[in-house]
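Breakdown of the fold
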Number of protein chains: 2
Amino acid sequence: MNNFEFYNPTKVIFGKRTEEEVGKEIQDRGFKKVLIHFGGTYLYENGTLDRVHKSLSDCGIGYVDLGGVVPNPRLGLVKEGIQLCRKEGIDFILAIGGGSPIDSAKGIAYGLANDFDVEDLLMGRFTTNRIAPLGCISTIAATGSETSNSMVITIEEGMLKRSYNHDCARPLFAIMNPELTYTLPPYQTASGATDIMMHTMERYFTNTEHVELIDRMAEGLLVSVREAALLAIKEPDNYNARADLMWAGSLSHNGLTGTGRVSDFASHKIEHEMGGMFDVAHGAGLCAIWGSWARYVYKVNPARFAQFAVNVFDVPMDFHDLEGTALKGIEAWEDWCRRLGMPTSMTELGIQPTEGQIEEMAEKCVATGGGHVGFFKTLYKDDVINIYHMAE
Amino acid sequence: MNNFEFYNPTKVIFGKRTEEEVGKEIQDRGFKKVLIHFGGTYLYENGTLDRVHKSLSDCGIGYVDLGGVVPNPRLGLVKEGIQLCRKEGIDFILAIGGGSPIDSAKGIAYGLANDFDVEDLLMGRFTTNRIAPLGCISTIAATGSETSNSMVITIEEGMLKRSYNHDCARPLFAIMNPELTYTLPPYQTASGATDIMMHTMERYFTNTEHVELIDRMAEGLLVSVREAALLAIKEPDNYNARADLMWAGSLSHNGLTGTGRVSDFASHKIEHEMGGMFDVAHGAGLCAIWGSWARYVYKVNPARFAQFAVNVFDVPMDFHDLEGTALKGIEAWEDWCRRLGMPTSMTELGIQPTEGQIEEMAEKCVATGGGHVGFFKTLYKDDVINIYHMAE
């Protein structure tokens, strides 16, 4: 086990009707005027926004709404939000939604607390440990951004999808009501569930040895999400399936499943370039890539892939064929993706990048990492090109 | 799954030589003078205290040492610590050791921040959300007090072992170096490991339904601790076994494994009275009690005990005999305790309470809970007496 730090101060308020507690949480912290930041109009339609407005008003807290966040949230709206906050004297940012509005809110909060442009933060020209106070109401079980230290924003010019990670970006509180995810369409439910699996899998596939405790806990999480995802697709208003997905979403990306080990995250970076160029749902993009990444790298450590096969997907261990067992685990993952209606190739995802586009994505993918990406197996530009081709 | 809150802001700094970072952690937070609070003289002998002194001095931080904490820490030393802090102008409390010095430090920190006596807090005559700043260096994998919200102190008069739990008591940071646990004698190592298991088991044995995610993660933790404990007894300087125990100690008692469910904690309360009266090692006391508690209550929910047997102790499921499978799990736990050198009865623990003492312990046990204890099965005074007799 490697040395590590683990810091996860976000207060989680989880369960039925918990969005009605938002006013009290903000009042307890002494804030007066809130920017409510969100994406889809479904929050108007299902009454969530009304309940949040009422909770804030009941606590004497003012608010301004800023909707319009799109998947793969854009820098332009972040800049608009910063200007609006300054004009309106906002002292607290409240995101409602999934990873996109939460990340967009983090962008606004960084902008408010610093005197440089958020683009400079995303492009690595500045770093900071300062951010304006923010909290969130999560309505999608997926990214875990509600408790994570990460933010991913797309810069429109060149459609560059870039991230900045700092512990200061962990929200002060995260309100999670699984009921709010009932109306999520099956494709988004599945895309969220696969993203949750992948956040733990990016940490699970490691060459760090002697990490049994977190391996066992991660496998427990993965098995639960595997089952809860299938159930949530079949019964969209199954509270317990939705609750397992939602809590697993946070536990997959709050750092716990990465403690004591080197994480990989190559698949995420390979997908990020697709998301930037083609605007695909993140989880679906990961599904289209992961099997190809796995087949490209599994020989580095077939035992770990076999462990995944046996302990997460109940593949019978073939004691005479470790690599065969490993490959059956990759197939089991792809079968599970298909049962969820998720793609296992770029064609199934609905994109067919040209040779030039593949070259461009691979170039961008390795650029910020000094010419390579991933830790399970170090991948250079040509490796990434090979993986994109395998995933066609 | 039930509604829940989860708040665990303690920064964990985990790994080899991390105690040398203590000065920086305190300096970063702006504190100037530290009370170093601990128990055994082994901290002098193994050089830990020297390294902590040096780290503080290197950062220009003053300090005063206060040793002498005993297992089942006493209120008297807490009061002495409060007076010393006031006299010396201390602004930060640093505990070094296991649950006893950390809980004693929490008592001192409560005393410094409030104008009532800590005894009143323990006896339920006051509540508070105020505590002086504290951090810790954990040297024993056991109670998880290094990240928990709980404090257990023994009031000398009547040897009353009493607790107070509040989120404000979670330390600002917890430094954990598994190497510092190498010299712990086998009995203490085993007692710590069983306490870790029990912190998760007290939460695992619940009648709350549909808690699959945390069940799977908890089972993963329990299986890891089961193996790591045996290995640490056999090879005291096995870093990875010690590291698994240490990290599992925090994860078992930081609230995670109790999210979304009603916890039990009857065994802890039954043991606390033994600990108060006979001064036994806490984990050993739990081992002496748990099998009897389990046999007394398992018929309330034999399926959950069978799940424990199969998923934690690899007992083969007898599909025709759920109760038989459940009982085999209890036996497997007791076998594991014996392999660790832990007792499974009060006689093996070395105590033989009289009928009057059993009556007195049972009376005290249920007194603070309004005449009963536990949630898996509600236990009244006579039930507790029955369990003590079963455990003789």
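The rules behind these values
- Residues numbered from 1 in each chain as written.
- Chains lettered and ligands numbered in written order.
- Predicted model: local features only at pLDDT ≥ 70, side-chain atom pairs only at ≥ 80, totals over all residues.
- Heavy atoms only, no water.
- Domains from an automatic or database assignment.
- Contact = heavy atoms within 4.5 Å.
- Buried area = accessible area lost by both parts, 1.4 Å probe.
- Salt bridge = Lys/Arg side-chain N within 4 Å of Asp/Glu carboxyl O.
- Helix = DSSP H or I, 4+ residues; strand = E, 2+ residues; numbered from the N terminus.
- UniProt positions renumbered as here; feature names shortened; annotations may be inferred.
- Polar contact = N/O pair within 3.5 Å; in protein donor to acceptor, adjacent residues only side chain to side chain.
- Nonpolar A, V, L, I, M, F, W, Y, C, P; charged D, E, K, R; others polar.
- Pairing = 2+ DSSP bridges.
- Least-squares fit on C-alpha atoms with pLDDT ≥ 70 in both.
- Phe/Tyr/Trp six-rings, centres within 6.5 Å; stacked < 30°, edge-to-face > 60°.
- Buried < 20%, exposed > 50% of the residue type's maximum accessible area, 1.4 Å probe, protein only.
- Lys NZ or Arg CZ within 6 Å of the ring centre and 35° of its normal.
- Axes fitted to C-alpha atoms, helices over the stretch in contact; angles between N-to-C directions.

This next bit is on the domain arrangement of chain A. Residue and element names in this part refer to chain A. By domain assignment, chain A separates into domain 1 (9-178) and domain 2 (185-388). For domain 1 and domain 2, the distance between their C-alpha centres works out to 27 Å. Facing the 28 residues of domain 1 at the interface are 25 residues of domain 2. Of the roughly 2,100 Å² buried between domain 1 and domain 2 on both sides combined, carbon and sulfur atoms contribute 58%. For the domain 1 face of the interface with domain 2, the top three residues by lost area are A141, K161 and P178, together amounting to 26%. Where domain 1 packs against domain 2, one counts 2 salt bridges. Elements that contribute at least two residues to the side of domain 1 that touches domain 2 include exactly strand 1 (4-14), strand 6 (150-155) and strand 7 (160-165). Per-element tally for the side of domain 1 that touches domain 2: the top contributor is strand 7, with 3 residues.

Turning our eyes to something else, we now look at the UniProt feature "domain: Fe-containing alcohol dehydrogenase-like C-terminal" (unreviewed entry) in chain A. With numbering matched to this structure, UniProt assigns "domain: Fe-containing alcohol dehydrogenase-like C-terminal" (unreviewed entry) to residues 189-390 of chain A. Helix makes up 69% of residues 189-390 of chain A and strand 2%, and the two end C-alpha atoms of the span are 26 Å apart.

This part takes up the interface of chain A and chain B. Counting residues at the interface gives 35 residues for chain A and 35 residues for chain B. Across the chain A to chain B interface the summed buried area is about 3,300 Å²; carbon plus sulfur atoms make up 62%. Taken together, the links from chain A to chain B amount to 2 salt bridges. In this structure, A:E5 engages B:K11 in a salt bridge whose closest nitrogen and oxygen atoms are separated by 3.7 Å. At the junction of chain A and chain B, the tally comes to 10 residue pairs in polar contact (both at pLDDT 80 or more). Those elements that provide at least two residues to the side of chain A that touches chain B are strand 1, helix 8 (212-234) and helix 9 (239-253) of chain A. Counting residues per element, the side of chain A that touches chain B draws most heavily on strand 1 of chain A, at 11 residues. For the side of chain A that touches chain B, the class distribution of residues is 18 nonpolar, 10 polar and 7 charged. Sheet topology places strand 1 of chain A next to strand 1 (residues 4-14) of chain B; 7 bridges connect them, and they run antiparallel. Paired with A:F6 across the two strands is B:V12, which belongs to strand 1 of chain B.

Before going further, it helps to spend a moment on the relation of the copies chain A and chain B. The relation between the two chain copies is a rotation about an axis coupled with a shift along that axis. Relative to chain B, chain A is turned by 180° and slid 0.0 Å along the rotation axis, the superposed coordinates differing by an RMSD of 0.0 Å. With respect to symmetry, the two chain copies, as superposed, fit the operation of a two-fold axis. Within chain A, the C-alpha atom positioned nearest to the axis of rotation is that of A:P9, 1.9 Å from it. Take the interface residues of chain A: 100% of them recur as interface residues in chain B, which is what a same-surface contact looks like.

Moving on, we come to the packing of aromatic side chains. To describe a pair of aromatic rings, one takes the distance between the centres and the angle between the planes. Going through the model one piece at a time under the given rule, you end up with 54 aromatic pairs over all chains. With a centroid separation of 5.8 Å and an interplanar angle of 80°, the aromatic rings of A:F38 and A:Y44 are classed as edge-to-face. Judged by centre distance (6.0 Å) and plane angle (40°), the ring pair of B:W290 and B:W293 falls under tilted. One end of the pair is B:W290 and the other is B:W293, both in helix 11 (residues 282-297) and 3 residues apart, which spans about a single turn. Of the two residues, B:W290 and B:W293, neither departs from the other in class, the shared state being buried. Grouping aromatic residues by their ring pairs yields a cluster made of A:Y204, A:F205, A:W290, A:W293, A:Y298, A:F305, A:F308, A:F313, A:W333, A:W336 and A:F376. In this structure, A:R304 is placed above the aromatic ring of A:Y204, and the distance from its NZ or CZ to the ring centre is 5.0 Å. Here B:K16 stacks its cationic end above the ring of B:Y239, 4.4 Å away from the centre of that ring.

Turning our attention to the sheet that holds strand 4 (residues 92-97) of chain B. Remark on secondary structure: sheet strands pair via backbone hydrogen bonds, oriented parallel or antiparallel. Strand order in the open sheet formed by 12 strands is 3(A)-2(A)-4(A)-5(A)-8(A)-1(A)-1(B)-8(B)-5(B)-4(B)-2(B)-3(B), and the pairing between neighbours is mixed. The sheet is open, and its two edges are formed by strand 3 (62-66) of chain A together with strand 3 (62-66) of chain B, each paired on a single side. Each strand of the sheet is rotated relative to its neighbour by a mean of 25°, with strand direction disregarded. As paired elements, strand 5 (residues 134-138) of chain B and strand 8 (residues 173-176) of chain B share 3 bridges and run parallel to each other. By the bridge assignment, B:C136 is partnered in strand 8 of chain B with B:A174. Taken strand by strand, helix 5 (residues 99-113) of chain A contacts strand 2 (33-37), strand 3, strand 4 (92-97) and strand 5 (134-138) of chain A, and its axis lies near 165° from that of strand 4 of chain A. Relative to the sheet, helix 5 (residues 99-113) of chain B contacts strand 2 (33-38), strand 3, strand 4 and strand 5 of chain B, its axis offset from that of strand 4 of chain B by approximately 165°.

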